[in-house]
Amino acid sequence: MNTRALLIALVIGTILQLGMVLMGHSQPAVKSLFAIGGMGFSLVAGVAYGLAARGSPTASRVLYGAVAGAVCGFIGIFVSYRLGDVPATLLVLGTLSLLRDRRAWGVALEPGLALT
């Protein structure tokens, strides 16, 4: 794991997630894009990790890119939940979905990797 790359990815993803959540709290048009925006910003965090951790093994970049995307996604969902914009069940379901999606992107980019 590249700690510096993970921190960079988490900061980037969390800033994007929180910006969307705070805007969506008062703007229904933005709130309607929470799902696609949240997944997209988590993807950005995962790609940021992969780029910042160049030289690390591919499997490690995929795994920790997925972690970065899921963690910043969880933070965004948690803030949205605390603001009353999403149900509590989304904390678990949304985070697991983000984790799965980021791993799937990594496998698509590196076909020799397995999802297990």
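Not measured: the values here are computed from a predicted model.

### Describing the overall build of the protein
Helices and strands together make up the secondary structure of the protein, namely five helices and zero strands. For the protein, the N- to C-terminal ordering of α and β elements is α-α-α-α-α. With 116 residues in all, the protein has 36% of them scored as buried. For the protein, contacts bridging at least 24 residues in sequence account for 64% of all contacts bridging at least 6. For the protein, the exposed area adds up to about 6,500 Å²; of that, 73% sits on carbon and sulfur atoms.

### Structural notes on the side chain of aspartate 85
Topologically, aspartate 85 is positioned in the loop between helix 4 (58–82) and helix 5 (89–109). Accessibility expressed as a relative area gives 14% for aspartate 85, which makes it buried. Apart from the residues within four sequence positions on either side, aspartate 85 is in contact with His25, Lys31, Phe34 and Ser80.

### Considerations on the nonpolar core
Ala5, Leu6, Ala9, Ala45, Ala48, Tyr49, Ala53, Ala68 and Cys72 form the largest nonpolar core, which has nine residues in total. Elements that contribute at least two residues to this core include exactly helix 1 (3–26), helix 3 (34–52) and helix 4. Among the nonpolar cores identified, the runner-up in size contains six residues, and Met20, Ile77, Val86 and Leu98 belong to it.

### Notes on the pattern of salt bridges
Where charged atoms of side chains with opposite charge meet at close range, the side chains can pair. Scanning the model with the defined rule gives one salt bridge in all. Note that lysine 31 and aspartate 85 form a salt bridge whose closest N and O atoms lie 3.8 Å from each other. Taken together, the residues lysine 31 in helix 2 (residues 28–31) and aspartate 85 in the loop between helix 4 and helix 5 connect sequence positions 54 residues apart. Of the residues examined, lysine 31 reaches a relative accessible area of 34% and is grouped as partly exposed.

### A look at the packing of helix 1 against helix 4
Running from amino to carboxyl end, helix 1 crosses helix 4 at an angle of 30°, the nearest separation of the two axes being 8 Å. One finds that helix 1 runs roughly parallel with respect to helix 4. Considering how the two elements wind past one another, helix 1 and helix 4 form a crossing that is right-handed. The residues of helix 4 that touch helix 1, namely those facing Leu6, Ala9, Leu10, Gly13, Thr14, Gln17, Leu18 and Val21, are Tyr64, Ala68, Val71, Cys72, Gly73, Ile75, Gly76, Val79 and Ser80. When its residues are assigned to classes, the contact of helix 1 with helix 4 shows 11 nonpolar, six polar and no charged.

Rules of the game
Residues numbered from 1 in each chain as written. Predicted model: local features only at pLDDT ≥ 70, side-chain atom pairs only at ≥ 80, totals over all residues. Heavy atoms only, no water. Helix = DSSP H or I, 4+ residues; strand = E, 2+ residues; numbered from the N terminus. Buried < 20%, exposed > 50% of the residue type's maximum accessible area, 1.4 Å probe, protein only. Contact = heavy atoms within 4.5 Å. Areas by Shrake-Rupley, 256 points an atom, 1.4 Å probe, with all protein chains shown as cover. Core = buried A, V, L, I, M, F, W, Y, C linked by side-chain atoms within 4.5 Å. Salt bridge = Lys/Arg side-chain N within 4 Å of Asp/Glu carboxyl O. Axes fitted to C-alpha atoms, helices over the stretch in contact; angles between N-to-C directions. Parallel < 35°, antiparallel > 145°, perpendicular 65-115°, else oblique. Left-handed = near helix turned anticlockwise from the far one by under 90°. Nonpolar A, V, L, I, M, F, W, Y, C, P; charged D, E, K, R; others polar.

Honestly, it's all geometry; don't read function into it.
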